[in-house]
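Listed below are the residues making up each chain.
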Amino acid sequence: MDKISRLLGLSASLLIAGCSGTINEYLVLAQRGDVDEVREAVLMIGSLLVQKEQEGYAFDDGDAEAVKYLQAVARDHSDQICRMRAVSALRRLLEVDSSDIFIAAVQDDRWGVRLEAAKALAERPSPEASPILAERLKSEARDEVRIDIIKALANVGDRRALRALLEIILFDPGGKYQGNRLRAYDAIRAISGKTFPLEDTEAWRDYYRSEFPESPDEGSG
């Protein structure tokens, strides 16, 4: 938490100098350390920054430090609600690049944080996220999160995403991805340009082998 404390101290001094007093008040509230107050502060700081962005105002130095505070909370805070709210706020800040935060958060040990991160990566696809998303898909236990991971992979649309999506329809002996097959199939067709029917497993298997000859012909999930 030392990094968060340092950012709070810097944020407070900058915001007192010229940023919104309301954001400043919530940063001071967060600095007290009570988890309920931090939760409220993260929620309100995010909402105020989103509102300012949506109204077309340029962020000043104080706002930029408030964004860094949200990023630090999303990455390091011990409370899952704080992390989830911070990721949600960053997800709604369209002019701020928090891709590295989302990529880290999609590997969080709490599914609510992973869900917010997966939604962010689906809405703002990042090629750097593709291998992480593909690996996360193999171990993700929550179907809600899998849905947005698949959306994110579909929107990235690179070869790593294609391979992961093909493996959903080809290698799923336990039926883990049964509810996601049609979504994966639509994405595969869009990426590959192939139009084999979903049920034509042999055609898709041949295509998989031709595209990824180095891959073992076995399931990933």
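Not measured: the values here are computed from a predicted model. (Residues numbered from 1 in each chain as written. Predicted model: local features only at pLDDT ≥ 70, side-chain atom pairs only at ≥ 80, totals over all residues. Heavy atoms only, no water.)

A.B. asks: If you had to explain the environment of Arg-124 to someone new, which residues and values would you point to?
C.D. replies: Positionally, Arg-124 belongs in the loop between helix 7 (111-123) and helix 8 (130-139). Between the alpha carbons of Arg-124 and Val-156 there is a distance of 8.9 Å; along the sequence they are 32 residues apart. With residues up to four places along the chain from it excluded, the contact list for Arg-124 reads Leu-90, Arg-91, Leu-93, Leu-94, Val-96, Asp-97 and Phe-102. From its side chain, Arg-124 meets the backbone oxygen of Val-96 in a polar contact 2.4 Å long. (Helix = DSSP H or I, 4+ residues; strand = E, 2+ residues; numbered from the N terminus. Contact = heavy atoms within 4.5 Å. Polar contact = N/O pair within 3.5 Å; in protein donor to acceptor, adjacent residues only side chain to side chain.)

A.B. asks: If you had to explain the nonpolar core to someone new, which residues and values would you point to?
C.D. replies: Counting 64 residues, the largest nonpolar core has Ile-45, Tyr-69, Leu-166 and Ile-169 as its most contacted members. Broken down by element, this core gets its largest block of residues, 8 residues, from helix 10 (residues 159-170). (Core = buried A, V, L, I, M, F, W, Y, C linked by side-chain atoms within 4.5 Å. Buried < 20%, exposed > 50% of the residue type's maximum accessible area, 1.4 Å probe, protein only.)

A.B. asks: Lay out the packing of aromatic side chains with the relevant residues and their values.
C.D. replies: For the structure shown, the criterion picks out 5 aromatic pairs. Centre to centre, the rings of Tyr-185 and Trp-204 are 6.1 Å apart; their planes meet at 90 degrees, and the pair counts as edge-to-face. Of the two residues, Tyr-185 is situated in helix 11 (residues 181-192) and Trp-204 in helix 12 (residues 201-211); the sequence distance between them amounts to 19 residues. Trp-204 shares its class with Tyr-185; the two are buried. Three or more aromatic residues joined by ring pairs make a cluster, and in this case those are Tyr-185, Phe-196, Trp-204 and Tyr-207. In this structure, Arg-142 is placed above the aromatic ring of Trp-111, and the distance from its NZ or CZ to the ring centre is 3.9 Å. (Phe/Tyr/Trp six-rings, centres within 6.5 Å; stacked < 30°, edge-to-face > 60°. Lys NZ or Arg CZ within 6 Å of the ring centre and 35° of its normal.)

A.B. asks: Explain helix 5 (residues 80-92) to me, using residue names and the numbers behind them.
C.D. replies: The end-to-end C-alpha separation of helix 5 is 19 Å, in line with the 18 Å expected for 13 residues at 1.5 Å each. Those residues of helix 5 that fall on the buried side of the exposure criterion are Cys-82, Arg-83, Ala-86, Val-87, Ser-88, Ala-89, Leu-90 and Arg-91. If you follow the buried residues of helix 5, they end up packed against helix 3 (35-54), helix 4 (61-76), helix 6 (99-105) and helix 7. The backbone nitrogen of Ile-81 has a side-chain oxygen 3.3 Å away, supplied by the residue at the start of helix 5, namely Asp-79. (Expected span 1.5 Å × (residues − 1).)

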